[in-house]
Amino acid sequence: MYLLLFIAFILIVRIDKIMKYFRDKNLGWKAYKKNYKEITYSEKIDEKWYHIKIDADINIGTFEPKFKSESEWLSYPEWAHHREKVIERVKMRYPLKDED
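What you are looking at is a predicted structure, and each value in this text was computed from that prediction instead of being measured. (Residues numbered from 1 in each chain as written. Predicted model: local features only at pLDDT ≥ 70, side-chain atom pairs only at ≥ 80, totals over all residues. Heavy atoms only, no water.)

1. So, the overall build of the protein chain
Thinking step 1. Looking only at helices and strands, the protein chain has 3 helices and 4 strands in total.
Thinking step 2. Listing each helix as α and each strand as β along the protein chain from the N terminus yields α-β-β-β-β-α-α.
Thinking step 3. Relative to the globule expectation of 13 Å for 100 residues, the C-alpha radius of gyration of the protein chain, 17 Å, shows a markedly less compact shape.
Thinking step 4. The C-alpha extent of the protein chain, read off along each of the three principal axes, is 60 × 40 × 20 Å.
Thinking step 5. Looking at the protein chain as a whole, 26% of its 100 residues qualify as buried.
Thinking step 6. Across the protein chain, contacts joining residues at least 24 apart in sequence account for 42% of those joining residues at least 6 apart.
Thinking step 7. As displayed, the protein chain offers around 7,800 Å² of accessible surface, 57% of which is attributable to carbon and sulfur atoms.
Thinking step 8. Separation of charge centres in the protein chain, based on 20 positive and 17 negative side chains, amounts to 8 Å. (Helix = DSSP H or I, 4+ residues; strand = E, 2+ residues; numbered from the N terminus. Rg over C-alpha atoms; globule rule 2.2 N^0.38 Å. Buried < 20%, exposed > 50% of the residue type's maximum accessible area, 1.4 Å probe, protein only. Contact = heavy atoms within 4.5 Å. Areas by Shrake-Rupley, 256 points an atom, 1.4 Å probe, with all protein chains shown as cover. Lys, Arg positive; Asp, Glu negative; His and termini not counted. Charge placed at Lys NZ, Arg CZ, Asp CG, Glu CD.)

2. Focus on the sheet that holds strand S4 (residues 62-65)
Thinking step 1. The antiparallel open sheet is built from 4 strands, whose spatial order is S1-S2-S3-S4. Both outer strands of the open sheet, strand S1 (29-35) and S4, are each paired with one neighbouring strand and no more. Looking at each pair of strands side by side, their axes are set apart by 35° on average, direction ignored.
Thinking step 2. As judged from the 4 bridges shared by strand S3 (residues 48-59) and S4, these two strands associate in the antiparallel manner. Within S4, the residue paired with Asn 59 across the bridge is Thr 62.
Thinking step 3. Across the face of the sheet, helix H1 (residues 2-27) comes into contact with S1, strand S2 (38-45) and S3 while running at roughly 125° to S1. (Pairing = 2+ DSSP bridges. Axes fitted to C-alpha atoms, helices over the stretch in contact; angles between N-to-C directions.)

3. Points about the nonpolar core
Thinking step 1. Counting 16 residues, the largest nonpolar core has Ala 31, Ile 39, Tyr 41, Ile 52, Ile 54, Val 86 and Val 90 as the members making the most contacts within it.
Thinking step 2. Residue contacts for Ile 39: discarding those within four places in its chain leaves Ala 31, Tyr 32, Lys 34, Ile 52, Lys 53, Ile 54, Ala 56, Phe 63, Pro 65, Val 90 and Tyr 94. (Core = buried A, V, L, I, M, F, W, Y, C linked by side-chain atoms within 4.5 Å.)

4. Here we look at the pairing of S3
Thinking step 1. Direction of pairing for S2 relative to S3: antiparallel, over a ladder of 8 bridges. Residue pairing across strands places Lys 44 opposite Trp 49, the latter belonging to S3.
Thinking step 2. Taking the residues that link successive antiparallel strands as the turn, the S2-S3 hairpin has 2 residues, and the phi of Asp 46 there is positive, at about 50°.
Thinking step 3. The hairpin formed by S3 and S4 contains 2 residues between the paired strands, and Ile 60 there has a positive phi angle of roughly 50°.

Here you go:
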């Protein structure tokens, strides 16, 4: 019985990873937590993944990205200079806590 549960768990984890792989491949971008202080944003350009690191913080139990100002953003590589699009995509994965 426990062996079947273990095998089912492994299958579910593998299927989830495969689904995320194809989702990201089709979208052409991905954002994921590297650790509790950093998000890695990646875009696929000419069949190769390029990455930037975005600072993050924990705000009352919520993991939130901390975006650079417009002038600081220029330190990122040229492919990442579409700041609004990158911010929108990262917020889809890691929404900011409402300040209401």
